[in-house]
Amino acid sequence: MTKDQIFEFFRRLAEDNPAPETELEYGNAYQLLVAVALSAQATDVGVNKATRALFRAVETPVQMIQLGEDGLKEHIKTIGLFNSKAKNVIALSQILVDEYGGEVPDSREELVKLPGVGRKTANVVLNCWFGQETFAVDTHIFRVGNRTGLAKGKTPEQVEAKLEKRVPQPFRLGAHHWLILHGRYVCKARTPECWRCKVVDLCSYRKKVLEKPKGR
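These numbers come from a predicted model, not from an experiment. (Residues numbered from 1 in each chain as written. Predicted model: local features only at pLDDT ≥ 70, side-chain atom pairs only at ≥ 80, totals over all residues. Heavy atoms only, no water.)

### Brief notes about the packing of helix H8 (residues 139–148) against helix H10 (residues 175–185)
Part 1: For the pair H8 and H10, interaxial distance at closest approach is 8 Å and the crossing angle is 85°. Classified by the angle their axes make, H8 and H10 are roughly perpendicular. On H10, the residues that touch His140, Ile141, Arg143 and Val144 of H8 are His176, Leu179, Ile180, His182, Gly183 and Arg184. (Axes fitted to C-alpha atoms, helices over the stretch in contact; angles between N-to-C directions. Helix = DSSP H or I, 4+ residues; strand = E, 2+ residues; numbered from the N terminus. Parallel < 35°, antiparallel > 145°, perpendicular 65-115°, else oblique. Contact = heavy atoms within 4.5 Å.)

Written out as structure tokens, the structure is:
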């Protein structure tokens, strides 16, 4: 895509959804961090179902530690990899209490030191809570970046670097939300719904599905 095409790509997505945000439910920075950590290899819908009752009881790292690993597992046992995730959440909560006064740090370097927190999780927290222009590349963004030609790369890190370089203002803050939602609901993995895509003419994908399959 050219610079003009990229600008138009995001302009249309922004016009369609002026205020994009994560579909994860949370009430503060700590709950967001926990929700994103739990969302690895799980759907936002599944995480929200598990955390609604949890977040009514737990708002702080101290409360999570008091709940304990077994108590946390009871809340999140419907989520994939819940055993290791529970262990990581308790461990990161203890570190937040011991080293950060119970507060979530606002730098990627500090966030990725926490158990179970990778670059993608850190980027989501930095973007959604701290308002930083980060690009959290999940499977949806990786697919959309490569498929459309917006940001091609063989790894999430390569796609992130391309987005960092190519996404213009005023779209940088909301870009990863628009791309996730586009990948989740339109540019789907198995059959992209190109027939209702608002940026189909800007996309370089060669196998566009321009007619809605019968029965869908």
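### Let's talk about the pattern of salt bridges
Part 1: Here the structure, examined in full by the defined rule, presents 16 salt bridges.
Part 2: Where Asp201 meets Arg12, a salt bridge forms, and the shortest distance between an N and an O atom there is 2.6 Å. Taken together, the residues span a long stretch of sequence, with Asp201 in the segment after H10 and Arg12 in helix H1 (residues 3–16) at a distance of 189 residues.
Part 3: We classify Asp201 as exposed; its relative accessible area is 52%. (Salt bridge = Lys/Arg side-chain N within 4 Å of Asp/Glu carboxyl O. Buried < 20%, exposed > 50% of the residue type's maximum accessible area, 1.4 Å probe, protein only.)

### Observations concerning the side chain of Thr51
Part 1: Within the secondary structure layout, Thr51 lies in helix H3 (residues 44–57).
Part 2: Assessed through its relative accessible area of 1%, Thr51 is described here as buried.
Part 3: Leave out the neighbours within four places in its chain, and Thr51 touches Glu25 and Leu38.

### What about the packing of aromatic side chains?
Part 1: Across all of its chains, the model carries six aromatic pairs by this definition.
Part 2: Both rings, one in Phe10 and one in Phe171, keep their centres 6.1 Å apart while their planes meet at 20°; by these two values the pair is stacked. Of this pair, Phe10 sits in helix H1 while Phe171 sits in the loop between helix H9 (156–166) and H10, and the two are 161 residues apart along the sequence.
Part 3: The buried category is assigned to Phe171, whose relative accessible area is 6%.
Part 4: Between the aromatic rings of Phe10 and Trp178, the centroid separation amounts to 6.5 Å while the plane-to-plane angle is 50°, which identifies the pairing as tilted. On the criterion of sequence distance, the pair formed by Phe10 in helix H1 and Trp178 in helix H10 is long-range, its members being 168 residues apart. The pair formed by Phe10 and Trp178 is uniform in burial state, with each residue classed as buried.
Part 5: Counting every residue linked through ring pairs, the aromatic cluster contains Phe7, Phe9, Phe10, Phe171 and Trp178.
Part 6: Over the face of the ring belonging to Tyr205 we find Arg147, whose NZ or CZ atom lies 4.9 Å from the ring centre. (Phe/Tyr/Trp six-rings, centres within 6.5 Å; stacked < 30°, edge-to-face > 60°. Lys NZ or Arg CZ within 6 Å of the ring centre and 35° of its normal.)

### Focus on the side chain of Asn123
Part 1: Here Asn123 lies in helix H7 (residues 119–128).
Part 2: For Asn123, the residues in contact, after removing those within four places along its chain, are Arg108, Thr134, Phe135, Ala136 and Glu160.

### Observations concerning H7
Part 1: For H7, a buried count of eight out of ten residues is recorded, marking the element as mostly surrounded by other parts of the structure.
Part 2: Within H7, the full set of buried residues consists of Thr121, Ala122, Asn123, Val124, Val125, Leu126, Asn127 and Cys128.
Part 3: Where H7 is buried, its residues touch helix H2 (29–38), helix H6 (108–111), H9 and H10.

### Points about the environment of Pro18
Part 1: Relative to the elements of secondary structure, Pro18 occurs in the loop between H1 and H2.
Part 2: Residues Pro18 and Gly174 lie 156 residues apart in sequence; the distance between their C-alpha atoms is 8.9 Å.

### Comments concerning the nonpolar core
Part 1: Core analysis: the biggest nonpolar cluster contains 33 residues, and Tyr30, Leu33, Met64, Leu72, Val104 and Leu111 have the highest contact counts within it.
Part 2: Top contributing element to this core by residue count: H2, with eight residues.
Part 3: In this structure, Leu111 is in contact with Leu33, Val104, Pro105, Val117, Ala122, Val125 and Leu126, ignoring residues within four places of it in sequence.
Part 4: The next biggest cluster of nonpolar side chains, apart from the first, holds 24 residues, and it includes Phe9, Ala151, Leu179 and Leu202. (Core = buried A, V, L, I, M, F, W, Y, C linked by side-chain atoms within 4.5 Å.)

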